[in-house]
Amino acid sequence: MHLLEGKGVTIHFGGLAAVSDVDFYVDKGEVVGLIGPNGAGKTTLFNLISAALQPKPGEIFFKGKKISGMAPFKICRLGIARTFQTVKVFSNLPVIDNVRIGALFGAQKRLKGNVNPEVNELIKFVGLTEVANTPARDLTLAYQKRIEVARALATKPEVLLLDEMMAGLNPTELTESMELVKKIQQRGVTVVMIEHVMRAIMGICDRIIVLDYGKKIAEGTPKEIAGSKTVIEVYLGVTNVGSKKA
Amino acid sequence: MNLSNISWRKLGLNAGVPLVILIALIFVPFYGSWADYGITLFSLFLVYIILAVAWAMFTGSTGYLSLATAAFYGIGFYAAALLYPAEGALVPLFVVVLVGAAVSFVLAFIVGAITLRLKGIYFAMFTLGLVLLMYQVVNYWLISVLGIRGIVVALESNEVIYYYLVGILVVSILVAYFIKRSKWGLALRSIGDNEEAAAHTGVNVTMIKILVFAISAALMGAVGVIVATKTTYVDANTAFNPMISFSPALMAIFGGMGNLYGPAIGATIFTYIQEILQTGSLKNYYMLIFGLILIATILYLPSGMMGLIQNLWNRIKGARRRALTRG
Ligand SMILES: Nc1ncnc2c1ncn2[C@@H]1O[C@H](COP(=O)(O)OP(=O)(O)O)[C@@H](O)[C@H]1O
Ligand SMILES: [Mg+2]
C-alpha cells in the first residue's frame, strides 16, 4: 500500500482539463519531484490532494483510505500539509504565532500541553529564530516561504507538499533550501515538491513525475527523466536546463 | 522568566483595571441627586458598549463585516414582548434574557452556516438583508396575523435594568477575553489574515466562524431583552432598526478593535456625543458629525483611539527608556 495514491485524478476548469486522468503514488520516506511547464497542472494537483479542490472524476487515497471529499482542515489533521506557490502567511501575526497555529490545530493525536518548545524548535529548524517575534508581513519573500514550511511542519505531517519553495531564491538561499528539504526528509517526513530549479530537482529527488497539459507524461528516477526523449522534447528542451537557476 | 515580576504586574493590571471599573459601575445608581439621570445615561453606555464589544468579537478578528446586529437585538425585543408582556410575565426576567440569547444564537448559527461562505461585501449585504427580512416578517405576523402593531412589555425599574446590563457586560467582556486569549482567538485572527491558509493548517474555519458569530449574536439578543423592558412598547420599527446594525460597528471601529478596551471606549464617547447632540439644537447633525469623525478615524487612525493611545504610550515609554539609558 502506498502512503499517498491518486487514481484517474481529473479536474476541468470550464473546457480546460487542468489535470487529466493522472495516476500517481508516493511512498513513505521518498522525496518526489513534480515538474512540468507553467500551466501544466502541478499546483492544481496539490490543490486536489489538499482538498482545496475535489477531483471529478478520480479518487485520492492516504494510507489506503479515501480522502477525496473531505474538508481541507481534515486532510491537514490526517497528516498532509502544504505550502503555497504564492505565499499565504498570516501576515499580521508574528512568525511564532504563524507556526503556533500549525501546532495547535494540526494532527490532533498528541497531547495539547504547551506547544512552545516544538514551535521554537521548528522556527530554529528553518532558521528564523532572530525574527520569531516579527510580523510575517515585514519579512522578505524568502523568509515568508520558510514560515510556511515551519507552519506546515508544525501540523506534524507525514506528507509535506512544497509548491515552488525555491523560486526566486539567490544561489546561497537555494543551497540552504536544498539542505532544508534533506533535513525534512531525515525527520521522517515524506516530501512532494513542485520545482523548476533543475539543480534542486535532480539533486534531491528520489523520483520525478512530469506533467504536461494536465497529463502525466513521464515518471522515473532523475537519471531516467534527464535521459527521457519525451521529457526533453516537451519540457527540458523548451527551457534551457543549464542556465535555469532562479 | 514566566513568573517574573513583569508578568505578575501585567496580570494585576489585566484584572485590576476592569475590577475598578466594575466596582465604579456598581455604585453609579447611588450618586445622590445625579442618580436618576446618571443611571439612564450609564444604561445607554452599557447597551452600546455590549453591542460594540459583541460585534468586534467576531468582525474585529475575522474581518467579516456583519450588519446583522439589529436582527439579533430585535429578537431580544420580541422574546421580551412574548414572554414578559405588561399584562403578566410568563417567566422571570433572567429566563427571558436566556431565551433571547438562545434564540439569537440558534438563528445566527443557521444564518452563519448559510452565509459565512460569502466573502466581503456579499456577506455584509446579506446580514443587512437579514435585518430587513426580520422586519418584514415580524411586521406581517403582527399586523396581518395578530392584527396589532406592537406589544407592550412589562416595565422594569431603572435599577433592575441597569444591573442586568452590568451583568451582561461582565459576561461579554469575559467571553471576549477568553476567546481572545485562547487558541480560538488565534484561529480567528488567522482566518482574518488568510482563510485558505488557515484551513490548510488544520483550522476548522467554518465551525469557528459560525460559533463565534453565534456567541456574539447571543449577547446582542440578551441586550435586546433588557432594552425592551425599558422601551416597553415593542414594534418592528424599534426592534429591527438598521441604525442598531451601524452604530455599534462604527463605535468599535472608532475605538479600535485590536484591543478589548477599544470598542468600549468608542461606544462610550459616541453615546455621550449622541446624548448631547440629540437633546440640543444640533439634533439633526448627529449622523453627519458621526460620519465625519468616522471618516477621519479610518483615514488617520487605522487602529482607532486605542491604537493612538498605545502609540503615544509606547513613545513615552521609549523616551523614558532612552533618557534612563543615557542618564
Ligand atoms: N481556480 C482555477 N480556475 C480556473 N482555471 C484554473 C484555476 N486554477 C488553475 N487554473 C488553470 O489550470 C491550469 C493549470 O494551472 P496550475 O495548476 O496553476 O499550473 P502549474 O502549477 O503547473 O503552473 C492553468 O491553465 C491555469 O490557468
Ligand atoms: Mg504552480
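Cut-off values and rules
- Residues numbered from 1 in each chain as written.
- Chains lettered and ligands numbered in written order.
- Predicted model: local features only at pLDDT ≥ 70, side-chain atom pairs only at ≥ 80, totals over all residues.
- Heavy atoms only, no water.
- Salt bridge = Lys/Arg side-chain N within 4 Å of Asp/Glu carboxyl O.
- Buried < 20%, exposed > 50% of the residue type's maximum accessible area, 1.4 Å probe, protein only.
- Helix = DSSP H or I, 4+ residues; strand = E, 2+ residues; numbered from the N terminus.
- Near = heavy atom within 4 Å.
- Polar contact = N/O pair within 3.5 Å; in protein donor to acceptor, adjacent residues only side chain to side chain.
- Areas by Shrake-Rupley, 256 points an atom, 1.4 Å probe, with all protein chains shown as cover.
- Contact = heavy atoms within 4.5 Å.
- Donors = N, O, S within 2.8 Å, 3.2 Å for Na, K, Ca; no water.
- Axes fitted to C-alpha atoms, helices over the stretch in contact; angles between N-to-C directions.
- Parallel < 35°, antiparallel > 145°, perpendicular 65-115°, else oblique.
- Nonpolar A, V, L, I, M, F, W, Y, C, P; charged D, E, K, R; others polar.
- Buried area = accessible area lost by both parts, 1.4 Å probe.
- Patch = residues over 30% accessible without salt bridge, like charges linked within 9 Å, V, L, I, M, F, W, Y side chains within 5 Å.
- Pairing = 2+ DSSP bridges.
- Expected span 1.5 Å × (residues − 1).
- Arc of directions from axis to C-beta.

Asker: Can you walk me through the pattern of salt bridges in this structure?
Answerer: Working definition: two side chains of opposite charge can pair if their charged atoms are close together. Using the criterion set out here, one finds 13 salt bridges over all chains in the structure. Each member of the salt-bridge network shares a partner with another, and the members are Glu30(A), Arg207(A), Lys216(A) and Glu219(A).

Asker: Explanation requested: helix α1 (residues 42-49) of chain A in the structure shown.
Answerer: In an α-helix, one turn spans 3.6 residues, which is why side chains three or four residues apart end up on the same side. Residue and element names in this part refer to chain A. Counted residue by residue, α1 has 7 buried out of 8 residues, so it is predominantly covered. By the burial criterion, the buried members of α1 are Lys42, Thr44, Leu45, Phe46, Asn47, Leu48 and Ile49. A positive phi of about 70° marks Ala51, the residue just after α1.

Asker: When you look at the site of ligand 1 in this model, what are you seeing that I'm missing?
Answerer: Residues and elements named next belong to chain A. Near ligand 1, the surroundings consist of Phe13, Leu16, Ala18, Pro37, Asn38, Gly39, Ala40, Gly41, Lys42, Thr43 and Thr44. Residue Ala40 places a main-chain N or O atom 3.2 Å away from an oxygen atom belonging to ligand 1. Relative to its free-state accessible area of 560 Å², ligand 1 is covered by the protein chains to the extent of 59%. At the level of elements, β2 (16-26) and α1 are the ones that each hand at least two residues to the shell around ligand 1.

Asker: What exactly am I supposed to notice about the environment of Ala136(A) here?
Answerer: Residue and element names in this part refer to chain A. Take Ala136: it is sitting in the loop between α4 (116-125) and α5 (141-154). As for Ala136 and Val192, which are separated by 56 residues in sequence, their C-alpha atoms are 25 Å apart. Look past the residues within four positions of Ala136 in its chain and what remains in contact with it is Val89, Phe90, Ser91, Leu93, Pro94, Asn98, Gln144 and Ile147.

Asker: Explain the coordination of the magnesium ion (ligand 2) to me, please; I cannot follow it from the model alone.
Answerer: Tetrahedral metal sites with four donors have an ideal angle of 109.5 degrees; octahedral sites with six donors have ideal angles of 90 or 180 degrees. Looking at the magnesium ion (ligand 2), the protein donor atoms are Thr43(A) (OG1) and Gln85(A) (OE1), and they sit 2.0 to 2.1 Å from it. Highlighted residues: Thr43(A) in helix α1 and Gln85(A) in the loop between β6 (80-82) and α3 (95-105), separated in sequence by 42 residues.

Asker: It is not clear to me how the packing of helix α6 (residues 158-181) of chain B against helix α8 (residues 205-231) of chain B should be interpreted in this structure. Could you clarify?
Answerer: When two helices pack together, their arrangement is given by the angle between the helix axes and by the axis-to-axis distance. Residues and elements named next belong to chain B. Their axes nearest at 9 Å, the elements α6 and α8 cross at an angle of 170°. In terms of their interaxial angle, α6 and α8 are classed as roughly antiparallel. Listed contacts from α8 to Asn158, Ile161, Tyr164, Leu165, Ile168, Val171, Ser172, Val175 and Ile179 of α6 are Val212, Ile215, Leu219, Ala222, Val223, Ile226, Thr229 and Lys230. Class assignment of the residues belonging to the contact of α6 with α8 gives a composition of 13 nonpolar, 3 polar and 1 charged.

Asker: For this particular structure, what's the right way to read the interface of chain B and chain A?
Answerer: Where the parts come together, the accessible area they lose is often given as the size of the interface. Between chain B and chain A, the residue contacts involve 18 residues of the former and 24 residues of the latter. Where chain B abuts chain A, roughly 1800 Å² becomes buried across the two surfaces, and 67% of that area is made up of carbon and sulfur atoms. For the pair chain B and chain A, the number of links is 1 salt bridge. With a shortest N-O distance of 3.2 Å, Glu196(B) and Lys88(A) are connected by a salt bridge. Seen at the junction of chain B and chain A, the total is 6 residue pairs in polar contact (both at pLDDT 80 or more). Ranked by residues supplied to the side of chain B that touches chain A, first place goes to helix α7 (residues 183-199) of chain B with 12 residues. Considering only residue class, the side of chain B that touches chain A consists of 8 nonpolar, 6 polar and 4 charged.

Asker: Teacher, can you tell me more about a nonpolar patch on the surface here?
Answerer: Residues and elements named next belong to chain B. The grouping of Leu19, Ile23, Ile26, Phe27, Phe30 and Tyr163 at the surface amounts to a nonpolar patch, some 580 Å² of accessible area in total. Per element, the largest residue contribution to the nonpolar patch is 4 residues, and it comes from helix α1 (residues 5-27). Mapped onto the secondary structure, Ile23 falls in helix α1. Taking relative accessible area as the criterion, Ile23 reaches 45% and is therefore assigned partly exposed.

Asker: Sorry, what's going on with unusual backbone geometry here?
Answerer: Residues other than glycine predominantly adopt negative phi, and peptide bonds predominantly adopt the trans conformation. All names here are of chain A. Here Lys56 and Pro57 are connected by a cis peptide whose omega angle stands at -5°. In this structure, Pro57 sits in the loop between α1 and β4 (59-62). The residue Asp21 is not glycine, and still its phi comes out positive at about 50°. As for its placement among the helices and strands, Asp21 is situated in strand β2. Despite not being glycine, Lys63 shows a phi value in the positive range, around 50°.

Asker: What am I meant to see in the pairing of strand β1 (residues 4-13) of chain A here?
Answerer: Residues and elements named next belong to chain A. Of the strand pairs in this sheet, β1 and β2 are connected by 7 bridges, and their pairing is antiparallel. Of the residues in β2, the one forming a bridge with Phe13 is Leu16. Between β1 and the antiparallel strand that follows it, β2, lie 2 residues; Gly14 among them carries a positive phi value of about 60°. Two elements, β1 and β4, share 4 bridges in a ladder whose sense is antiparallel. When the sheet's bridge partners are listed, Lys7 is paired in β4 with Glu59.

Asker: I'm lost on helix α12 (residues 286-300) of chain B in this one. Help?
Answerer: Residue and element names in this part refer to chain B. In a regular helix each residue adds 1.5 Å, so 15 residues correspond to 21 Å; α12 covers 21 Å between its end C-alpha atoms and thus fits that length. Restricting attention to buried positions, one finds in α12 the residues Tyr286, Phe290, Leu294 and Thr297. End-on, the buried residues of α12 take up no more than an arc of 60°, which puts them together on one face. Along α12, exposed side chains directed more than 90 degrees from the buried face belong to Leu288, Leu292, Ile295, Leu299 and Tyr300.

Asker: So what exactly am I meant to see when it comes to the pairing of strand β9 (residues 207-212) of chain A here?
Answerer: Consecutive side chains of a regular strand alternate in pointing toward one face of the sheet and then the other. Residue and element names in this part refer to chain A. Counting buried positions over the 6 residues of β9 gives 6, a clear majority of the element. Here β9 shows two buried faces, one formed by Arg207, Ile209 and Leu211 and the other by Ile208, Val210 and Asp212. Direction of pairing for β9 relative to strand β10 (residues 215-220): antiparallel, over a ladder of 5 bridges. The residue bridging Leu211 from the neighbouring strand is Lys216, located in β10. Here β9 hands over to β10 after 2 residues, with Tyr213 in that stretch at a positive phi of 50°.

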